[in-house]
Amino acid sequence: MSDPEAPALPWQPYPPLADEERIVRAQAFATRMAMRRSCRAFLSDPVPQGVIEAAIRAAGSAPSGANHQPWHFAVLSTPEAKAALRVAAEEEERRFYGGRAGEEWLRALAPLGTGPDKPYLEDAPWVIAAFAQRRGGLDPAAAAQNYYVLESVCIACGLLLAALHEAGVATLTHTPNPMKFLNRLCRRPDDERPVMLVIAGHAAPEAVIPEHAMRKKPLEQILSWL
């Protein structure tokens, strides 16, 4: 039940735009985002910390269940932290590709050319680990129940990727299976759930885009008008 006496602020309207300009803006954004690709070869060249901070700030603006913002982003940048991450991730990946994934899953991955070796975890200047918080709310000390946790964190990660792409930073999402080792490496509480790693940096000259990754479903397959 909503509280009619809860404090509220007036809606802050968007700048007035003609419908034609709204369409142009939406199409321009769609065009820019269509250029985003997963990168699996990174340079060690630095990316300013301010870019990462701004991208995570954008991620933190995502809608969330009850506005509890059930996410935490741990950023790894030191050689020691990234080396430890690579060792732990590749250990799980060797098990994954060694049989844990199953034949169907491995066949689906084959056109992308992925495997257990993840040098980009050390090469890229930044690795961002996204965690989902089951409890916390706006006051973590209160340990309130969070709602729609995974959905909220995934929306935030989408905004994070979009912000990094807008800044001209190459990215890759990586989800070693399982990921619980990230709690130890990132010094996060056991009740937080690691959701994904976002690797961020500049693409290396040898970076390629698998032809399979260029295949996107046409609009009529992903859209229904009701």
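Refer to the preceding data block for the structure.
Quick look at the environment of Asn 183 now. Relative to the helices and strands, Asn 183 resides in helix α7 (residues 181-185). The class of Asn 183 is buried, set by a relative accessible area of 3%. Between the C-alpha atoms of Asn 183 and Pro 194, which are 11 residues apart in sequence, the distance is 7.1 Å. Asn 183 has contacts with Phe 131, Arg 188, Pro 189, Asp 190, Glu 192 and Pro 194, leaving out every residue within four places of it along the chain.

In this section: the packing of aromatic side chains. Note on aromatic pairs: each is described by the distance of the centres and the angle between the planes. A complete count under the given rule lists three aromatic pairs for this structure. Pairing Phe 96 with Tyr 97 gives two aromatic rings, centres 5.1 Å apart and planes at 80°, and the pair type is edge-to-face. Owing to a relative accessible area of 5%, Phe 96 belongs among the buried residues under this scheme.

Across its 18 residues, helix α6 (residues 149-166) extends 26 Å between first and last C-alpha, which sits within 8% of the 26 Å expected from 1.5 Å per residue. Among the residues of α6, Val 149, Ser 152, Val 153, Ala 156, Cys 157, Leu 160, Leu 161, Ala 162, Leu 164 and His 165 are the ones counted as buried. Phi for Gly 168, located one or two positions after α6, is positive at around 75°.

So, on to the sheet that holds strand β5 (residues 170-174). What the four strands build is an open sheet, ordered β1-β2-β6-β5; its pairing is antiparallel. Here the strands that pair on one side only, and so sit at the sheet edges, are β1 (71-76) and β5. The mean angle between the axes of side-by-side strands here comes to 25°, regardless of whether they run parallel or antiparallel. Contacting β1, β2 (126-133) and β6 (192-201), helix α2 (residues 49-59) runs over the sheet at an angle of about 165° to β1.

What follows is about the nonpolar core. It is characteristic of soluble globular proteins that their nonpolar side chains tend to be buried jointly. In terms of nonpolar packing, the biggest core is built from 24 residues, with Ile 52, Phe 73, Ile 128, Val 153, Leu 160, Leu 164 and Val 198 touching the most fellow members. Those elements that place two or more of their residues in this core are α2, β1, β2, α6 and β6. Per-element accounting of this core gives the leading share, seven residues, to α6. The residues touching Val 153, leaving out its near neighbours within four places in the chain, are Pro 70, Trp 71, Phe 131, Ala 132 and Val 195. Ala 89, Leu 121, Val 127 and Ala 170 belong to the second largest nonpolar core, which has 21 residues in total.

Moving on: the state of the cysteines. Formally, a disulfide is one covalent bond, and it connects the sulfur atom of one cysteine to the sulfur atom of another. In this structure the tally under the stated criterion is zero disulfides. Unpaired in this structure, Cys 154 has its nearest cysteine sulfur neighbour in Cys 157, at a distance of 6.2 Å. Look at Cys 154 and you get partly exposed, because its relative accessible area is 37%. In this model Cys 186 remains outside any disulfide bridge; the closest cysteine sulfur is found in Cys 157, 13 Å from its own.

Moving on, we come to unusual backbone geometry. A cis amide bond, omega 0°, links Asn 177 with the succeeding residue Pro 178. Relative to the elements of secondary structure, Pro 178 occurs in the loop between β5 and α7. At Ala 66, a position not held by glycine, the phi torsion is positive, near 60°. Here Ala 66 shows up in the loop between α2 and β1.

Procedures and definitions
Residues numbered from 1 in each chain as written. Predicted model: local features only at pLDDT ≥ 70, side-chain atom pairs only at ≥ 80, totals over all residues. Heavy atoms only, no water. Helix = DSSP H or I, 4+ residues; strand = E, 2+ residues; numbered from the N terminus. Buried < 20%, exposed > 50% of the residue type's maximum accessible area, 1.4 Å probe, protein only. Contact = heavy atoms within 4.5 Å. Phe/Tyr/Trp six-rings, centres within 6.5 Å; stacked < 30°, edge-to-face > 60°. Expected span 1.5 Å × (residues − 1). Pairing = 2+ DSSP bridges. Axes fitted to C-alpha atoms, helices over the stretch in contact; angles between N-to-C directions. Core = buried A, V, L, I, M, F, W, Y, C linked by side-chain atoms within 4.5 Å. Disulfide = S-S within 2.5 Å.

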